[in-house]
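Spelled out from the first residue to the last, the chains are:
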Amino acid sequence: MKVELTVPNVGESVSEAVLAQWFKLDGDRVEADEPVFVIETDKVTLEVKSPASGRLSILVKEGETVPIGAVVGAIDTEGAAAAPEAGPPAPAAPEKPRKEAAPEAAETKAQPPPAAPASAPLADESALLPSVRRLIAEKGLDPAQIPGTGPEGRLTKGDVLLYLESLAAAPPAPAAPPAAAPAPEEAVTRKPMSPIRKRIAERLLAAKRDTAMLTTFNEIDMGRVTAIRDEHKDAFQKLHGVRLGFMSFFVKAVVAALKEAPDMNGAIENNEIVHHHYYHVGMAIGAEKGLVVPVIRHADRLTFAGIEAAVVEFVKKIKENRLALADLEGGTFSITNGGVYGSLFSTPILNPPQSGILGLHKIEDRPVAIAGQVVIRPMMYVALSYDHRIVDGKTAVTFLRRIKELVENPERLLLEV
């Protein structure tokens, strides 16, 4: 009996996907619920698991674009019964090289250098993905020398390309005389844009083209919220099972400010202004394939622990390629934190059709004037980009100042004042 492997439906607005990678070779045995391939759409990257145990038959190659629901492979479940018979010969694999080792040993004495490097790559090739194996064989590389960043440490095609780039960028051997060396060729690598990267590009251009985007700036003294976090983080983690970060404070502050500035929580649809009476806060998170913005729904109803747990779950889903289209839809306002990458100051771009996005940055000790004295405080620059078609400058400045007041006085978040 054969069970079909199909491209799953990830949302009504998605009609096709790219089959990005197979985790197994044609004819390999797979287990039920084991990831077998990855698809990429213009919004999500998703691992697809096998519905049954058996032998894999691959019908669609990596890199091909296929419609949702298309059959890309099959699982021969009758092959599952034959699996135990295939098990015993495995130990016999070393015996074959042993028989050939005797005649080869004499030759190896005469030529020891070539024998060692030739065996290392071949020993590892059986566990590689088809596209990776082809590229490694093409370039004559040793997979053991290349660090893998794929799921469970698998070696991806991108890892090999990066390794090749690092080799190309390495300085030339000092023994080679500069005058005699031929003119170096300028190395380039070309690869098609992924569906997610294309979608990001389209949305960024649309935000610039279709909105009247403006940005206002302020800075926040993070001293009190840092002290509260440091004092209670151990007890918080012990009680709730998640780490207390700064994001929950900002989400709480944003929700409070949105309630006072409904235009910031609105959008323009055709010739109408739509005010949302719910608070779905998008969290921009950097992923390997590009930036994604999963949405914390009804953030006003969540506790600090609930917000932190939602962020942790999104990060986990992204790493495991489990982020669904439903996780990305329906946001009314967004937060992006460039500070985790060391950014000190930046201008965030709107995430249409939303009317506002808050940019957070690195916390840095700076001299500030307080009560007539210059003191060193942990300061953070914040930036609010907004659609000037719906949000006035006064509203935007007041909104950002309200966030500053709440974060600098976090007890107000608890007292709702």
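For the structure itself, consult the block above.
Residues numbered from 1 in each chain as written. Predicted model: local features only at pLDDT ≥ 70, side-chain atom pairs only at ≥ 80, totals over all residues. Heavy atoms only, no water.

Peer 1: What should I look at first to understand the layout of surface pockets in this one?
Peer 2: By rolling a water-sized probe across the atoms, one finds the places where empty space is left. The computed volume of the second largest pocket comes to approximately 870 Å³. Looking at the second largest pocket, it is lined by 34 residues, and the ones nearest its centre are Arg203, Leu291, Val293, Asn351 and Pro352. Where the lining of the second largest pocket is concerned, the elements lending two or more residues are helix H8 (195-210), strand S10 (266-269), strand S13 (290-292) and strand S15 (333-337). Per-element tally for the lining of the second largest pocket: the top contributor is H8, with six residues. (1 Å grid on protein atoms, 1.4 Å probe; cavity = no way out; pocket = protein on both sides within 12 Å on 5 of 7 lines; lining within 4 Å. Points joined across faces, edges and corners; volume = space filled by probe spheres on them. Helix = DSSP H or I, 4+ residues; strand = E, 2+ residues; numbered from the N terminus.)

Peer 1: What exactly am I supposed to notice about the packing of helix H10 (residues 247-260) against helix H12 (residues 393-408) here?
Peer 2: Two measures define how a pair of helices packs: the angle their axes make with one another and the distance between the axes. Where H10 meets H12, the axes come as close as 9 Å, and the angle between the chain directions of the two elements is 140°. Classed by the angle they form, the pair H10 and H12 counts as oblique. Classified by chirality, the crossing of H12 by H10 is right-handed. From H10, Phe250, Ala253, Val254, Ala256, Ala257, Leu258 and Glu260 reach across to H12, where they touch Phe399, Arg402, Ile403, Leu406 and Val407. (Axes fitted to C-alpha atoms, helices over the stretch in contact; angles between N-to-C directions. Parallel < 35°, antiparallel > 145°, perpendicular 65-115°, else oblique. Left-handed = near helix turned anticlockwise from the far one by under 90°. Contact = heavy atoms within 4.5 Å.)

Peer 1: Explain H10 to me, please; I cannot follow it from the model alone.
Peer 2: Because the α-helix completes a turn every 3.6 residues, residues three or four places apart line up on one side. Along its 14 residues, H10 runs 20 Å from first to last C-alpha, staying within 8% of the 20 Å computed at 1.5 Å per residue. The element H10 is largely enclosed, with a buried count of ten among its 14 residues. (Expected span 1.5 Å × (residues − 1). Buried < 20%, exposed > 50% of the residue type's maximum accessible area, 1.4 Å probe, protein only.)

Peer 1: Looking at this model, I keep getting lost on the nonpolar core. Mind explaining?
Peer 2: Ranked by size, the top nonpolar core spans 73 residues in total, and within it Met264, Ile335, Leu358 and Ile403 carry the most contacts. When residues no more than four places from it in sequence are discounted, the contact partners of Ile403 are Ile220, Phe250, Ala253, Val254, Ala257 and Leu358. Counting residues in each nonpolar core, the second largest holds eleven residues, with Val132, Ile146, Leu155 and Val160 among its members. (Core = buried A, V, L, I, M, F, W, Y, C linked by side-chain atoms within 4.5 Å.)

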